[in-house]
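Here is how the chains run, residue by residue.
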Amino acid sequence: MLLTGCVTPFDAAQQRNFQLLPPDALERSATFLLKLDINQGDVSHHWEAVLNVDAERIYLLILGPLGQRLATLSFNGQQLTVDRGGPISIKMSLEKLLWELQIIFWPLAALNTGEGNRDWYFEEQMHIRHVHYQQQLVAEIYRHSSSPWSGNFDYISRMSDYRLSVRSSLLDHS
């Protein structure tokens, strides 16, 4: 019983998911073309996606390898809508994918002041973003370019066998 009280397992972080930040937290409008490689244990997914953010809404359109629409996510700051399309089954949390993309691209100031995310803390040094939950390092994000928006990014969980690799191109911004 004493041992259980001393350790904070990652399951606690998974149960207490990061709350999505509102669209205006990015402080700009932008459209990204993303190539996503998701590896979790022996399962991997390879998708293309378009992430569009403006002051009122975040859209994430996920496309399969042949360009078919797998899912569309829409978040207005209050409500997340997920519309799954096509016959291909997606067996992962799309909300989790969206908050991972926010953790990769949103500025540190917005991440660290999110109202519902008080147990989360983010810092960055030398192109490596550290993700902490309840003072425990749970993930690292490696940025392989000088741009915070375009280039290659690797989100690596330190608590499970999970990796998200993102190749991003900024298509439009204002």
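Next up on the list: the pairing of strand β3 (residues 58–63). As judged from the six bridges shared by strand β2 (residues 43–53) and β3, these two strands associate in the antiparallel manner. Bridging from a neighbouring strand, E48 pairs with L63 of β3. Counted along the chain from β2 to the antiparallel partner β3, the turn is four residues long. Where β3 meets strand β4 (residues 69–75), six bridges bridge the pair, whose relative direction is antiparallel. Bridge pairing in β4 places Y59 opposite S74. Counting the residues between successive antiparallel strands, the hairpin from β3 to β4 contains five residues, one of them, G67, with a positive phi of roughly 85 degrees.

Here we take up the confidence of the model for the protein. Fine structural detail should not be taken from predicted coordinates in areas where pLDDT scores are low. Per-residue confidence for the protein averages 86 on the pLDDT scale, and 86% of its residues sit at or above 70. A low-confidence stretch, residues 1–15 (pLDDT under 50), is modelled with eight contacts involving residues beyond four sequence positions or located in other chains.

Here L26 is to be found in the loop between α2 (10–15) and β1 (30–40). Judged by its relative accessible area of 3%, L26 falls in the buried class. The spatial distance from the C-alpha of L26 to the C-alpha of W106 is 5.7 Å, given a sequence separation of 80 residues. Ignoring any residue separated from it by four or fewer positions in sequence, one finds L26 in contact with V53, F105, W106, P107 and W149.

Conventions adopted
- Residues numbered from 1 in each chain as written.
- Predicted model: local features only at pLDDT ≥ 70, side-chain atom pairs only at ≥ 80, totals over all residues.
- Heavy atoms only, no water.
- Pairing = 2+ DSSP bridges.
- Helix = DSSP H or I, 4+ residues; strand = E, 2+ residues; numbered from the N terminus.
- pLDDT = per-residue confidence, 0-100.
- Contact = heavy atoms within 4.5 Å.
- Buried < 20%, exposed > 50% of the residue type's maximum accessible area, 1.4 Å probe, protein only.

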